[in-house]
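If you want the building blocks of each chain, they are given just below.
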Protein chains: 2
Amino acid sequence: MQFSKSTDYALHALIHLGLSESRNHIGIKELSASLGVSESYLSKIMSKLRQDGIVRAVPGVNGGYELARPADRITFLDVIHVIEGRQQLFECSNSSSRQHRLLAEGRVERQETERWGQGECLVEKVMVGAERHLHQYLREHTIQMVLDEANRIRSAEGIEK
Amino acid sequence: MQFSKSTDYALHALIHLGLSESRNHIGIKELSASLGVSESYLSKIMSKLRQDGIVRAVPGVNGGYELARPADRITFLDVIHVIEGRQQLFECSNSSSRQHRLLAEGRVERQETERWGQGECLVEKVMVGAERHLHQYLREHTIQMVLDEANRIRSAEGIEK
DNA sequence: TTTATTATCGACATTAAAGGTCCGCATTCA
DNA sequence: TGAATGCGGACCTTTAATGTCGATAATAAA
Ligand code: SF4
Ligand code: SF4
């Protein structure tokens, strides 16, 4: 139960783009050098981000990537959804077991088939709740927040010197 | 980013034990039949649960498993920690990258090495927060809650007939 | 004490997913 | 046009989850 490295890479790539807003396009070369990841692999991740409308890409000389929308409208949840997919935190794998019948059979016979059949069982109810909490938190945190923090540190550095 | 099947099995095994509190010991045979999982595999999971003090096991004739403490003191988080391990939701994999130096170098030079070096960076700060929320929720939900719900359904069934 | 029963543990096999590489193709723009 | 750049499919490697087998140890009942 851990986020993949790809998510790590994606977040850092977006942060890099965010910190380089002045220059218009950042090539995969610069990104991969900055993150320490191979160009081939990182480009796959960037492609996903592009397909989901998080970044824009332009090929050709002086091409590269840029954020497709302001950093304060790119949430951590957005990024995670793109990379990790939208699979549920918990997915029952034995809904045909003897035990399931014990726990769930009752309702099925009483017109609650729809709500129950859709995956609202005793265990999943807890897990879906957990997922909702997690997603809520991740939705409230954007790339911009990291950029602000980074800039704050940067300028503090500048003054000090 | 999903809980493993083992977690699923563990939760259901515990629920089965909880619903069978009257009888003292439940063998791996009954459990595996109820869940539809092989005895070999399930027994490994049960061993983990035993090592972490969630269940007790006694070998020999009429042996088997039982909950090591009341079901209302076994939280979902307990179970998940046993099965999934205690690895963080997010673990930075490129803390030696050029970008990291950009984002984090400043602080290291100002006696904040300890807090920072321990893994409190801009990105992780968000992720650790997310993890805390998730864990908080899972800590508040116990096996007993599922048992109660199941018993409520059961008795409603009984009255109906 | 003997014996049948049961959990335990290590070794191994299988499968699925993540991580990573390569190369030909399409697109842009100087 | 042609050099630079991103795109995407095929493929390989590594890692983790899942699953099986068999030998061993512990227990309680007879
Ligand atoms: S009760 Fe829920 S989690 Fe358990 S077997 Fe049924 S559907 Fe799956
Ligand atoms: S800023 Fe944090 S997440 Fe990013 S490279 Fe440094 S330690 Fe890792």
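Residues numbered from 1 in each chain as written. Chains lettered and ligands numbered in written order. Predicted model: local features only at pLDDT ≥ 70, side-chain atom pairs only at ≥ 80, totals over all residues. Heavy atoms only, no water.

Named according to an unreviewed UniProt entry, chain A is Rrf2 family transcriptional regulator originating from Cohnella xylanilytica.

Visitor: Now, about the relation of the copies chain A and chain B: what can you tell me, with residues and values included?
Guide: Superposing chain A onto chain B takes a rotation of 180 degrees plus a shift of 0.0 Å along the axis, which leaves an RMSD of 0.0 Å. The relationship between the two copies is best expressed as a two-fold rotation axis. A share of 100% of interface residues in chain A that are also interface residues in chain B marks the association as one of identical surfaces. (Least-squares fit on C-alpha atoms with pLDDT ≥ 70 in both. Contact = heavy atoms within 4.5 Å.)

Visitor: Describe the domain arrangement of chain A, naming the residues involved and giving the relevant values.
Guide: All names here are of chain A. Its domain assignment divides chain A into domain 1 (1-70) and domain 2 (75-141). With 14 residues of domain 1 at the interface, the matching set in domain 2 holds 10 residues. Between domain 1 and domain 2, the buried area comes to about 990 Å², and carbon and sulfur atoms account for 76% of it. In this assembly, domain 1 and domain 2 are joined by one salt bridge. Two residues, Asp-78 and Arg-69, come together in a salt bridge whose shortest N-O distance is 3.1 Å. For the interface between domain 1 and domain 2, the tally reads three residue pairs in polar contact (both at pLDDT 80 or more). Looking at the side of domain 1 that touches domain 2, the elements that each hand over two or more residues are helix H1 (5-19) and helix H3 (39-51). (Domains from an automatic or database assignment. Buried area = accessible area lost by both parts, 1.4 Å probe. Salt bridge = Lys/Arg side-chain N within 4 Å of Asp/Glu carboxyl O. Polar contact = N/O pair within 3.5 Å; in protein donor to acceptor, adjacent residues only side chain to side chain. Helix = DSSP H or I, 4+ residues; strand = E, 2+ residues; numbered from the N terminus.)

Visitor: Provide a residue-level description of the site of ligand 2, including the pertinent values.
Guide: Neighbouring ligand 2 are the residues His-12 of chain A together with Cys-92, Asn-94, His-100, Leu-103, Cys-121 and Val-123 of chain B. Taken together, the residues near ligand 2 originate from chains A and B. For the shell around ligand 2, the residue count by class is four nonpolar, three polar and no charged. (Near = heavy atom within 4 Å. Nonpolar A, V, L, I, M, F, W, Y, C, P; charged D, E, K, R; others polar.)

Visitor: Could you give an account of the protein's contact with DNA strand D, with specific residues and numbers?
Guide: Around DNA strand D sit 26 residues in total, of which Lys-44, Arg-50 and Tyr-65 of chain A together with Lys-5 and Gly-60 of chain B are the nearest. The sugar-phosphate portion of DNA strand D accounts for 69% of its atoms within 4 Å of the protein, the bases making up the rest. At 2.7 Å from a base oxygen of DNA strand D is found a side-chain nitrogen or oxygen belonging to Lys-44 of chain A. Here Gly-60 of chain A contributes a backbone N or O atom positioned 3.3 Å from a sugar or linking oxygen of DNA strand D. Breaking the surface near DNA strand D down by element, the ones donating at least two residues are H3, strand E1 (55-58) and strand E2 (64-67) of chain A together with helix H1 (5-19) and helix H3 (39-51) of chain B. Counting residues per element, the surface near DNA strand D draws most heavily on H3 of chain A, which supplies four residues.

Visitor: Please set out helix H4 (residues 76-84) of chain B residue by residue, giving values where relevant.
Guide: Residue and element names in this part refer to chain B. By the criterion of burial, H4 is predominantly enclosed, with eight of the nine residues buried. Along H4, the residues that are buried comprise Phe-76, Leu-77, Val-79, Ile-80, His-81, Val-82, Ile-83 and Glu-84. Phi turns positive one or two residues past the end of H4, at Gly-85, with a value near 80 degrees. (Buried < 20%, exposed > 50% of the residue type's maximum accessible area, 1.4 Å probe, protein only.)

Visitor: So what's going on with the site of ligand 1? Residues and values would help.
Guide: Around ligand 1, the structure places Cys-92, Asn-94, His-100, Leu-103, Cys-121 and Val-123 of chain A together with His-12 of chain B. Residues within reach of ligand 1 are spread across chains A and B. Grouping the constituent residues of the shell around ligand 1 by class yields four nonpolar, three polar and no charged.

Visitor: Would you mind going over the side chain of Glu-84 of chain A in detail, with residue names and values included?
Guide: Relative to the assigned elements, Glu-84 of chain A resides in helix H4 (residues 76-84). Within polar-contact distance, the side chain of Glu-84 of chain A engages the backbone nitrogen of Met-1 of chain B at 3.4 Å. Setting aside residues up to four positions removed in sequence, Glu-84 of chain A forms contacts with Phe-3, Ser-4 and Thr-7 of chain A together with Met-1 of chain B.

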